[in-house]
Amino acid sequence: MRLTIAALPLVISVGFQAASFAAPPLPKIEITEIRAPASTEIIVQHGSNLRTVAAEAYGHQEFSRFVGQLNGIAVPERLRAGATLKTPSLPTAFRDAGLEPRYQPGINALAKAWQDLQVVLPQYAEVRNASGLRDGQSFPISPDLRAKLVKCADLMDAAIGLLQHPSNEHSVPQATIGQFEGAAASLRQLSTGTIGSRDYDVFMIQKRIGLGFYYALIWTQQREQ
């Protein structure tokens, strides 16, 4: 039975500039430190689509393009009930797609940031909403929550520092870098307690991260060209 999938969002241009400070050192994060989804293969159920699969496997529907690209689904509307989709951990997906080993630490760091943010962003949203304040206002943010947000931004910036300097035969993954630069900048704004948009601040970070991994996978599958 054919499933209908809502049109996926268009690519967003990110207006953030690269950080003016030196990138933090890239921590050593092993592939095994990133949790794999509960199931590394998902059988599509009737009424399901790439968004529901992405949310189940990777924690947010904005990974739908990543799931589609990983499984060679060029036309999401052709996804059928009963199809089996691969949903490995993010670092494993890139390794198995042929990522050059020198870039793996960067992908691992990005995956660790996303893994942590799946806990941290709901915590932030809960505190922000409890403040009762409006867009443009600021609320007292705890040092612990601030540190968690900044740590995730630092992981992204460290990975960006690696990806900005590829081997001579490889291209710079500009689309990936742009999305993660925007996400890191937004996380640093959240860490100040300033409310940019109660409706979109967390969502846009999640969206940029999902798109960032999607573009990184395309770059990998094209052998970093």
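Residues numbered from 1 in each chain as written. Predicted model: local features only at pLDDT ≥ 70, side-chain atom pairs only at ≥ 80, totals over all residues. Heavy atoms only, no water.

1. Remarks on the overall build of the protein chain
Quick reminder of the rule: Helix and strand definitions follow DSSP, with helices as H or I runs of at least four residues and strands as E runs of at least two, each counted in order from the N terminus. With C-alpha atoms as the basis for the radius of gyration, the globule rule is written as 2.2 Å multiplied by the number of residues raised to the power 0.38. Burial classification: accessible surface area is computed with a 1.4 Å probe over protein chains only, and a residue below 20% of its type maximum counts as buried, one above 50% as exposed, and the rest as partly exposed. Residue contacts are counted whenever heavy atoms from the two residues lie within 4.5 Å of one another. Here the Shrake-Rupley method, with its probe set to 1.4 Å, supplies the accessible areas, and only the displayed protein chains count as covering residues. Just so you know, the count uses Lys and Arg for positive and Asp and Glu for negative, and it drops His and the chain ends. The atom standing in for a charge is NZ when the residue is Lys, CZ when it is Arg, CG when it is Asp and CD when it is Glu.
Looking only at helices and strands, the protein chain has seven helices and two strands in total. Its C-alpha atoms give the protein chain a radius of gyration of 18 Å, near enough to 17 Å, the size a compact globule of 225 residues would have. Taken over the C-alpha atoms alone, the protein chain extends approximately 50 × 45 × 30 Å along its principal axes. Relative to its full complement of 225 residues, the protein chain shows a buried share of 50%. Put simply, of all contacts in the protein chain between residues at least 6 apart along the chain, 81% involve residues at least 24 apart. If you sum the accessible surface of the protein chain, you get close to 10800 Å²; carbon and sulfur atoms cover 53% of it. Computed over 21 positive and 19 negative side-chain charges, the inter-centroid distance for the protein chain is 4 Å.

2. Looking at the packing of aromatic side chains
Formally: Stacked, tilted and edge-to-face are the three classes applied to pairs of Phe, Tyr and Trp rings, where Trp contributes its six-membered ring and a pair requires centres within 6.5 Å; stacked means planes under 30 degrees apart, edge-to-face means over 60, and tilted covers the rest.
Counting across every chain of the model gives eleven aromatic pairs. Here the aromatic residues Tyr58, Phe63, Phe66, Phe94, Trp114, Phe180 and Phe213 are joined through ring pairs into a cluster of three or more.

3. Description of the pattern of salt bridges
Oppositely charged side chains may form a pair once their charged atoms are brought near each other. For clarity, the cut-off: We define a salt bridge as a side-chain nitrogen of Lys or Arg found within 4 Å of a carboxyl oxygen belonging to Asp or Glu.
Considering all chains together, one arrives at nine salt bridges under this definition. Put simply, Asp201 and Arg128 hold a salt bridge, and the shortest N to O gap is 2.6 Å. With Asp201 in helix H7 (residues 201-221) and Arg128 in helix H4 (residues 104-131), the pair connects residues that are 73 residues apart, well separated along the chain. Judged by relative accessible area, Arg128 falls into the buried class, the value being 5%. We note a salt bridge from Asp144 to Lys148, for which the minimum N-O separation is 3.2 Å. Note that Asp144 and Lys148 are positioned in helix H5 (residues 143-163) at a spacing of four residues, about one turn of the helix. A single network of salt bridges, built from pairs that share partners, joins Arg51, Glu62 and Lys207.

4. Structural notes on the side chain of Lys207
Note the threshold: Any pair of N or O atoms that falls within 3.5 Å is considered a polar contact. Within protein, one atom must be able to donate a hydrogen and the other to accept it, and sequence-neighbouring residues count only if both atoms are side-chain atoms.
In this fold, Lys207 is placed in helix H7. One polar contact links Lys207 to Glu62, side chain to side chain, over a distance of 3.3 Å.

5. A few points about the confidence of the model for the protein chain
This is how the line gets drawn: The predictor attaches a confidence to each residue, called pLDDT, with possible values from 0 through 100.
On average, residues of the protein chain score 90 in pLDDT, and 91% of them reach the 70 mark or higher. A low-confidence stretch, residues 1-19 (pLDDT under 50), is modelled with 48 contacts involving residues beyond four sequence positions or located in other chains.

6. Overview of the environment of Pro166
Relative to the helices and strands, Pro166 is located in the loop between H5 and helix H6 (174-190). Since its relative accessible area comes to 17%, Pro166 is described here as buried. Placed 109 residues apart in sequence, Pro166 and Ala57 show a C-alpha to C-alpha distance of 30 Å. Other than its neighbours up to four places away in sequence, Pro166 contacts Arg102, Tyr103, Ser171 and Val172.

7. Looking at the environment of Leu85
By the secondary structure assignment, Leu85 is in strand S2 (residues 84-86). Spatially, the C-alpha atom of Leu85 lies 5.5 Å from that of Glu41, the residues being 44 residues apart in sequence.

8. What about the packing of H6 against H7?
This is how the line gets drawn: Axes, fitted as lines to C-alpha atoms, cover a helix only where it is in contact. Angles between the N-to-C directions of the axes lie from 0 to 180 degrees. Throughout, the term roughly parallel applies to angles under 35 degrees, roughly antiparallel to angles over 145, roughly perpendicular to angles from 65 to 115, and oblique to all others. Crossing chirality is assigned from the near helix's rotation relative to the far helix, an anticlockwise turn below a right angle marking it left-handed and a clockwise turn marking it right-handed. Residue polarity follows a fixed list, in which Ala, Val, Leu, Ile, Met, Phe, Trp, Tyr, Cys and Pro are nonpolar, Asp, Glu, Lys and Arg are charged, and the others, Gly among them, are polar.
At a closest axis distance of 8 Å, the pairing of H6 and H7 adopts a crossing angle of 155°. One way to sum up the angle between H6 and H7 is to call them roughly antiparallel. Considering the relative orientation of H6 and H7, their crossing is left-handed. Judged by residue contacts, Ala175, Thr176, Gln179, Phe180, Gly182, Ala183, Ser186, Leu187 and Leu190 of H6 engage Asp201, Ile205, Arg208, Ile209, Leu211, Gly212, Phe213, Tyr215 and Ala216 from H7. Residues that form the contact of H6 with H7 fall into these classes: eleven nonpolar, five polar and two charged.

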